[in-house]
Amino acid sequence: GTGPLPLPATHGSILLGGREGERAGAVRSENALGATEVTCVICPGKAAASLSPSFVLRNQRPDTPAMPRLQAAAIGLLLTLSAGAVPLSAAEDLREPVALPPEIKDAFLAEMRGHMGNLDDILAALAEGDFKSAADIADITMDFGHRIWEGLAAQGMSAEEILAMKKSMRGLGIGTGKHQGRGQGQGGGQGGGQGRGFGRYMPEGFRAMGQGFHEAAASFAVALRAMGPEPSAADYRTAIGLLGEVTAACRGCHDAYRLE
């Protein structure tokens with residue numbers, strides 16, 4: 001036939017595990033003297049690195065279905081590179097440190113965990129095709145003034161009642177986010193004492209990213225409310241794209257700042 005020639009019976013690839021004494025990502029063969037040699041599948045002739053296998057693939061032998069050599073080489077290379085990578089914990093953290101009073105730090109971290117839960121709830125709603133609930137979550141828990149709207153929810157108000165109250169209060173200039181970075185607050189953080197909420201303790205760049213997060217969440221909610229009760233594939237693409245802008249704001253902030 002035109003297929004590859006079978007390997008000799010004395011030659012077998014042991015990939016990502018296998019027999020005791022044979023390293024992951026290595027080829028086991030016997031030389032002319034009958035001695036066992038273990039070499040790298042990427043660089044034949046060199047001793048294989050000692051790696052920690054995460055799972056075991058079947059041996060490549062003539063009497064079993066063979067895995068393509070290119071795939072084997074790619075997996076071996078991936079494990080080799082992973083083994084040599086520097087753990088994130090060992091790398092220098094170049095993010096800007098933010099010092100917060102202990103009670104403010106605890107409250108801020110609790111709010112960040114809350115936003116993680118909100119994102120998870122939004123994804124669950126999108127998976128069920130419930131765009132209204134996804135918009136409600138963003139509107140009430142992530143938009144400017146969300147502590148006010150969450151407080152109303154804690155009092156037992158429905159989403160419809162909260163949104164009606166939100167519209168009314170916004171007309172009075174409450175919960176609009178326009179006061180971010182204004183006024184003199186109390187506390188010894190790094191934000192120069194500006195802002196009404198956590199922003200008073202934060203650097204200016206941090207506050208700007210926070211505003212971007214709230215704006216992205218508001219845009220997401222507005223767009224989803226404009227979609228019909230039976231979202232199309234295009235609606236899903238739009239929704240995921242807008243949600244990506246929300247998570248991009250989260251990622252940007254985490255990449256730039258760290259709490260001390």
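Here the structure is shown first, and the text comes after it.
Residues numbered from 1 in each chain as written. Predicted model: local features only at pLDDT ≥ 70, side-chain atom pairs only at ≥ 80, totals over all residues. Heavy atoms only, no water.

*Asks:* I keep staring at the packing of aromatic side chains and nothing clicks. Help me out?
*Replies:* Following the criterion strictly, the structure yields four aromatic pairs and no others. Seen from their ring centres, Phe 108 and Phe 206 are 5.7 Å apart, and the 55° between their planes marks the pair as tilted. Taken as a pair, Phe 108 in helix α2 (residues 102-127) and Phe 206 in helix α6 (residues 204-225) lie far apart in primary sequence, 98 residues in all. Under the relative-accessibility criterion, Phe 108 is labelled buried at 7%. (Phe/Tyr/Trp six-rings, centres within 6.5 Å; stacked < 30°, edge-to-face > 60°. Helix = DSSP H or I, 4+ residues; strand = E, 2+ residues; numbered from the N terminus. Buried < 20%, exposed > 50% of the residue type's maximum accessible area, 1.4 Å probe, protein only.)

*Asks:* Please explain the pattern of salt bridges as it appears in this structure.
*Replies:* Working definition: two side chains of opposite charge can pair if their charged atoms are close together. The full count for this structure, using the stated rule, is 11 salt bridges. In the salt-bridge network here, residues are joined through shared partners; they are Lys 132, Asp 136, Asp 139, Asp 143, Glu 160, Lys 166, Arg 170 and Arg 225. (Salt bridge = Lys/Arg side-chain N within 4 Å of Asp/Glu carboxyl O.)

*Asks:* Got a minute to help me understand the nonpolar core in this structure?
*Replies:* In a soluble, globular protein the nonpolar side chains are often hidden away together inside. Ile 122, Leu 126, Ala 134, Phe 220, Leu 224 and Leu 243 are the most contacted members of the largest nonpolar core, which has 22 residues in total. Elements with a contribution of two residues or more to this core: α2, α3 (131-141), α6 and α7 (233-256). With six residues, α6 is the single largest residue contributor to this core. Look past the residues within four positions of Phe 220 in its chain and what remains in contact with it is Ile 122, Leu 126, Ala 134, Ala 138, Ala 239, Leu 242 and Leu 243. (Core = buried A, V, L, I, M, F, W, Y, C linked by side-chain atoms within 4.5 Å. Contact = heavy atoms within 4.5 Å.)

*Asks:* What is the right way to look at the environment of Asp 130 in this model?
*Replies:* Along the chain, the position of Asp 130 falls in the loop between α2 and α3. Exposure remark for Asp 130: the relative accessible area of 29% places this residue in the partly exposed category. Separated by 101 residues in the primary sequence, Asp 130 and Pro 231 have C-alpha atoms spaced 8.8 Å apart. In this structure the side chain of Asp 130 is engaged in a polar contact, spanning 2.6 Å, whose partner is the side chain of Ser 133. (Polar contact = N/O pair within 3.5 Å; in protein donor to acceptor, adjacent residues only side chain to side chain.)

*Asks:* Would you mind showing me how to read the packing of α3 against helix α4 (residues 146-154) here?
*Replies:* Between two packed helices, both the angle of their axes relative to each other and the distance between the axes serve to describe the pair. In the contact formed by α3 and α4, the axes pass within 7 Å of each other and the chain directions differ by 115°. Side by side, α3 and α4 meet where Asp 139, Ile 140 and Thr 141 of the first sit next to His 146, Trp 149 and Glu 150 of the second. Residue composition of the contact of α3 with α4, grouped by class: two nonpolar, two polar and two charged. (Axes fitted to C-alpha atoms, helices over the stretch in contact; angles between N-to-C directions. Nonpolar A, V, L, I, M, F, W, Y, C, P; charged D, E, K, R; others polar.)

*Asks:* It is not clear to me how the packing of α2 against α6 should be interpreted in this structure. Could you clarify?
*Replies:* With their axes 14 Å apart at the nearest point, α2 and α6 run at an angle of 25° to one another. In terms of orientation, α2 lies roughly parallel with respect to α6. The interaxial crossing formed by α2 with α6 has left-handed handedness. Residue-level inspection shows Phe 108, His 115, Ile 122 and Leu 126 of α2 in contact with α6, the latter providing Phe 206, Phe 213, Phe 220 and Leu 224. Residue composition of the contact of α2 with α6, grouped by class: seven nonpolar, one polar and no charged. (Parallel < 35°, antiparallel > 145°, perpendicular 65-115°, else oblique. Left-handed = near helix turned anticlockwise from the far one by under 90°.)

*Asks:* How should I be thinking about α4 in this particular structure?
*Replies:* Because each turn of an α-helix spans 3.6 residues, side chains separated by three or four positions end up pointing in the same direction. Looking at α4, one finds that the buried residues are His 146, Trp 149 and Leu 152. In a view along the axis of α4, the buried residues occupy a sector of 120°, so they form one face of it. On the buried face of α4, the contacting elements are α2, α3, α5 (159-171) and α6. Just past α4, the residue Gly 156 takes up positive phi, approximately 100°. (Arc of directions from axis to C-beta.)

*Asks:* Is there a simple way to think about the environment of Leu 109 in this case?
*Replies:* For Leu 109, the position within the fold is in helix α2. Taking relative accessible area as the criterion, Leu 109 reaches 31% and is therefore assigned partly exposed. As a C-alpha pair, Leu 109 and Leu 259 span 150 residues in sequence and 9.3 Å in three-dimensional space.

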